[in-house]
Amino acid sequence: MDFSNLNLQELAQTSGEWLRGSGPESDIVISSRIRLARNLADFPFISRATDTDRAEIGKILRGRIETLHQQGKFTGQLIYVDVSELEAVDRQFLVERQLISREHADAEGARAVVIDQREQMSVMINEEDHLRIQVLKSGLDLGSAWEQINELDDHIEARVTYAYNDRFGYLTACPTNVGTGVRVSVMLHLPALVITQQIDKVFRSLQKINLAVRGLYGEGSQAQGDFYQVSNQITLGQSEEELTKKVADVVPVLIDYERQARDFLIRESQETLHDRVSRAYGILRTAQTISSEETMHLLSSLRMGVNLGLIRDVAIPTVNKLFVHTQPAHLQKLTGMELDSSDRNIERATYLRRHLSGEAPKAGQN
Amino acid sequence: MKCQKCDKPATFHITDLVDGKPNELHLCEECAHKFLAPSADDASQVVPSMGALLAQHLAVGETAEELARLDQRSCPVCGVTFLEFRKQGRLGCPHDYVCFAEDLEPLLVNIHGETRHVGKVPKFCARGAEEQTQLIRLRREMKEAVAAEEYEQASKLRDEIRKIEQTRDKANK
């Protein structure tokens, strides 16, 4: 059983399991993700690696993962993607899909990613570290994400020697990841906290307990569509379970704040809220040209409206899918054409109208 | 990339939260120091980045003389100097954690509040890791020997590398 080939056109028609909106608390929690940073002991870190080193690291890791795949250690089909061979639009597509980081897309030199067909797992090769293993789940589901990634890590570790020492743990290119090498993050949709202007306060209190808050696409990215990623800042001196628990414990508090803010808006200004949501829905269903930013902004209102029962003829998985499918690279893959920014805005509006005005098949299909 | 406040090259890349929105700042060392020494109230709003933490650490830690001496030190395995690490915020190889251990500790305290790993331990090959790290040095030395046309030395090194690689591959079968 070999790696299957990547067919982006085909992949673009579907959506990853994490977008199905099926996990616990999925009205507010979009996804749970855990990633592990690992390096091989016998190669320099990426910043000092020669082209030969990178090619060799890639070859070794590809071979080991292929062997594990043949032994049935992974569930389902695996797809191996040589990222350095991809066109810019295809790399961007994988970023929009949350399967690779922006840094991995923009980098140079030999690099790859292995993903499973259900898009629950991705293994980046030659990112900032030799290996970045990721498991992505729908809703709040950190426990099973940790179980899955821990097992995966064990399988890989049985076949390579990781850079590790007793004092500092798993050794990483950047000292901010050393120790466990674990980043536990939860993506939350917090529109009511943004409207009620409480979001800054929430961030400050999270920073005080050493949790980081980032936008949709990780480090330095803007909080588009009121999506926020909360993750651990610390990786050394606490176990993976403790770090996971810390994030898992704070999420219900954030969910509670967001629900309270939504209740407040319903109680104090239901008409204003209903108006906002309905206008957003109206524009999304009728616009002839629309930017990505405006789409994200309006879809955020629509998503909250659906969750609050103010809009009844759209399903959450449809809205979740639209967030991803209206991104630039997805639009180009879906139409099979290279589009400039103004053509994309027209195509985006067409896509939204088709999926929100009853012309398209119901949720879950395309 | 140039510093946003003067014309020197930007070596610190900082994400600052302004009204909850991340704002990217690219600064030279001097301007970064100024930026990162705000009043106590402002301090909590700065998202700690690698550059920021390094700058903070160095501002309180060393005198210029000590720093210059530290900067010159290099890792015998990969050759990275402490200065290069400070500029890039990235280490060169696993052995840096051994040879710069004492210098990294204050930095790790800044970032993590701890200096000791607690948590998962590799089941199979934690013991061989340090020995395998030596492969990085041997490969570098072989490359240098070839460049210097010292072929006898290069072939000795090649044999040594092969021996360790074969043991490694056997262990990972």
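Details of the structure are given in the entry above.
Values in this document were obtained by computation on a predicted structure and should not be read as measured data.

Caption draft 1: The arrangement of the interface of chain A and chain B in detail. Tallying the contact residues gives 54 residues for chain A and 58 residues for chain B. Interface area, chain A with chain B, both sides summed: about 4,800 Å², of which 54% is carbon and sulfur. Here B:Glu84 makes a salt bridge to A:Arg48, at a shortest N to O gap of 3.4 Å. Across the contact surface, chain A and chain B share 22 residue pairs in polar contact (both at pLDDT 80 or more). Of all the elements in the fold, those that place two or more residues in the side of chain A that touches chain B are α2 (51–70), α5 (142–157), β6 (164–165), β7 (169–170) and α7 (199–208) of chain A.

Caption draft 2: Representation of helix α7 (residues 101–112) of chain B in the model. The set of residues buried in α7(B) consists of B:Ala101, B:Asp103, B:Leu104, B:Glu105, B:Leu107, B:Leu108, B:Ile111 and B:His112. B:Gly113 lies just past α7(B) and shows a positive phi near 75 degrees.

Caption draft 3: View of the sheet that holds strand β5 (residues 131–138) of chain A. Residue and element names in this part refer to chain A. Overall, antiparallel pairing links the 8 strands, which are arranged β2-β3-β4-β5-β1-β8-β10-β9 in an open sheet. The open sheet has two edge strands, β2 (78–82) and β9 (211–214), and neither has a second partner. Taken pair by pair, the neighbouring strands of this sheet meet at an average axis angle of 20 degrees, ignoring direction. Relative to strand β10 (residues 227–232), strand β8 (residues 182–189) is paired through 5 bridges, and the arrangement is antiparallel.

Caption draft 4: How the structure looks around the state of the cysteines. Residue and element names in this part refer to chain B. What the rule picks out here adds up to 0 disulfides over all chains. Cysteine 75 carries a free sulfur, and the closest cysteine sulfur to it, the one in cysteine 78, is 3.9 Å from it. For the unlinked cysteine cysteine 99, the closest cysteine sulfur is that of cysteine 75, found at 4.0 Å.

Caption draft 5: A look at the pattern of salt bridges. The full count for this structure, using the stated rule, is 26 salt bridges over all chains. In this structure, the salt-bridge partner of A:Arg167 is B:Glu105, at a minimum N-O distance of 2.6 Å. Of the two residues, A:Arg167 is situated in the loop between β6 and β7 and B:Glu105 in helix α7; the pairing between them involves two chains. Accessibility expressed as a relative area gives 21% for A:Arg167, which makes it partly exposed. Salt bridges sharing partners connect three or more residues here, namely A:Arg38, A:Asp153, A:Asp154, B:Lys120 and B:Lys123.

Caption draft 6: Fine view of the side chain of A:Asn39. Residues and elements named next belong to chain A. Within the secondary structure, asparagine 39 sits in the loop between β1 (29–38) and α2. For asparagine 39, a relative accessible area of 1% puts it in the buried group. A polar contact is formed between the side chain of asparagine 39 and the backbone nitrogen of histidine 130, at a distance of 3.0 Å. In this structure the side chain of asparagine 39 is engaged in a polar contact, spanning 3.0 Å, whose partner is the backbone oxygen of leucine 171. Look past the residues within four positions of asparagine 39 in its chain and what remains in contact with it is Phe45, Asp129, His130, Thr161, Tyr162, Ala163, Leu171, Thr172 and Ala173.

Basis of the calculations
- Residues numbered from 1 in each chain as written.
- Chains lettered and ligands numbered in written order.
- Predicted model: local features only at pLDDT ≥ 70, side-chain atom pairs only at ≥ 80, totals over all residues.
- Heavy atoms only, no water.
- Contact = heavy atoms within 4.5 Å.
- Buried area = accessible area lost by both parts, 1.4 Å probe.
- Salt bridge = Lys/Arg side-chain N within 4 Å of Asp/Glu carboxyl O.
- Polar contact = N/O pair within 3.5 Å; in protein donor to acceptor, adjacent residues only side chain to side chain.
- Helix = DSSP H or I, 4+ residues; strand = E, 2+ residues; numbered from the N terminus.
- Buried < 20%, exposed > 50% of the residue type's maximum accessible area, 1.4 Å probe, protein only.
- Pairing = 2+ DSSP bridges.
- Axes fitted to C-alpha atoms, helices over the stretch in contact; angles between N-to-C directions.
- Disulfide = S-S within 2.5 Å.

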